[in-house]
Amino acid sequence: MRAVATIAGVALVAIACGGGTPGAASPQMPASGGAAPDFTARDLDGRTFRLADHLGKEVVLLDFWSTYCEPCKAEFPHLRAMYDAEKGRGLLVVGVAMDGPESIADVPAFAKRHRIEFPIVFDDDSRIASLYDPKKSMPLTVLIGHDGRMAVVREGYNPGDEKLLAADVAKALDEAAPAR
């Protein structure tokens, strides 16, 4: 009976955080290859972040998450390592915090506790999420190539997915690199 309860609990966390098929875009999500919708949001320091300021200059990885999403927490160490390793090549990781009014105040402490150094923007009204994923799945990663188009839209996180994402990021960075 305990095993059934444990499995049910894991399934509930996966469903609550939007744990769909990794790498699969749902019918409601924008398809890979489409232009990335622009947005403006407030970051942790109260500054205005505009996606348009980065398109065409950097490869951008948007990561939609919340403080209560366990798969999101499991993904953070990999995103941190990827950002540290690839920011010099032109990768910008942007965390999009989807916490609502009940937990949005926890985001700055969460970011500090998890040593997140890439920009984090607030999406407490779900405006940004509705542009990229009306289902509001978490985690959701959207890789935007140097051309401003969505190269990959990946829903959910399972151990090992970081290798697939790293390969997608490397490909996007290689495509963005100037010809030699």
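Below you will find a few notes about this structure. Note that the coordinates shown come from a computational prediction; the quantities given were computed from them, not determined experimentally.

What follows concerns the pattern of salt bridges. Following the criterion strictly, the structure yields seven salt bridges and no others. A salt bridge links Glu-70 to Lys-73, with the nearest nitrogen and oxygen atoms 3.1 Å apart. Of this pair, Glu-70 and Lys-73 both sit in helix H2 (residues 70-86), three residues apart, roughly one helical turn. You can call Glu-70 partly exposed: its relative accessible area is 42%. Relative accessible area serves as the criterion here: at 25%, Lys-73 is assigned to the partly exposed category. The shortest N-O distance in the salt bridge between Arg-89 and Asp-174 comes to 2.5 Å. Residue Arg-89 is located in the loop between H2 and strand E4 (91-97), and its partner Asp-174 is located in helix H5 (residues 161-176); the two are separated by 85 residues in the primary sequence. When salt bridges that share partners are traced, they join Asp-43, Asp-45 and Arg-47 into one network.

The element strand E3 (residues 59-65) is largely enclosed, with a buried count of seven among its seven residues. The side-chain alternation of E3 yields two buried faces, one formed by Val-59, Leu-61, Asp-63 and Trp-65 and the other by Val-60, Leu-62 and Phe-64. Relative to E4, E3 runs parallel, the two being bridged by seven bridges. Looking across to E4, one finds that Val-60 is bridged to Leu-92. Considered for its hand, the β-α-β crossover made up of E3, H2 and E4 is right-handed.

Note that Gly-34 resides in the loop between helix H1 (2-16) and strand E1 (40-42). Under the relative-accessibility criterion, Gly-34 is labelled partly exposed at 23%.

Under the definition given, this model contains eight aromatic pairs. Centroid distance Phe-76 to Phe-118: 6.4 Å. Interplanar angle 25°. Geometry classified as stacked. Residue Phe-76 is located in helix H2, and its partner Phe-118 is located in the loop between helix H3 (107-113) and strand E5 (120-122); the two are separated by 42 residues in the primary sequence. One exposure class covers both Phe-76 and Phe-118, and it is buried. These aromatic residues form a ring-pair network of at least three members: Trp-65, Phe-76, Tyr-83, Phe-110 and Phe-118.

Taken in spatial order, the five strands of this open sheet run E5-E4-E3-E6-E7, and their pairing is mixed. Here the strands that pair on one side only, and so sit at the sheet edges, are E5 and strand E7 (150-155). The mean inter-strand angle of the sheet, taken between neighbouring strand axes irrespective of direction, is 20°. The strands that H2 touches are E3, E4 and strand E6 (140-144); relative to E3, the one it contacts most, it runs at about 165°.

We now examine the pairing of E7. One face of the sheet, then the other: side chains in a regular strand alternate in exactly this way. Of all six residues in E7, five are buried, a share of seventy percent or more. Bridge analysis of E6 against E7 gives five bridges, and the strand direction is antiparallel. The partner of Ile-144 across the bridge, within E7, is Met-150. Joining the antiparallel neighbours E6 and E7 is a turn of five residues, in which Gly-148 adopts a positive phi near 85°.

Analysis parameters
Residues numbered from 1 in each chain as written. Predicted model: local features only at pLDDT ≥ 70, side-chain atom pairs only at ≥ 80, totals over all residues. Heavy atoms only, no water. Salt bridge = Lys/Arg side-chain N within 4 Å of Asp/Glu carboxyl O. Helix = DSSP H or I, 4+ residues; strand = E, 2+ residues; numbered from the N terminus. Buried < 20%, exposed > 50% of the residue type's maximum accessible area, 1.4 Å probe, protein only. Pairing = 2+ DSSP bridges. Right-handed = clockwise from strand over helix to strand, strands pointing away. Phe/Tyr/Trp six-rings, centres within 6.5 Å; stacked < 30°, edge-to-face > 60°. Axes fitted to C-alpha atoms, helices over the stretch in contact; angles between N-to-C directions. Contact = heavy atoms within 4.5 Å.

Keep in mind that these numbers describe shape and distance, not what the molecule does.
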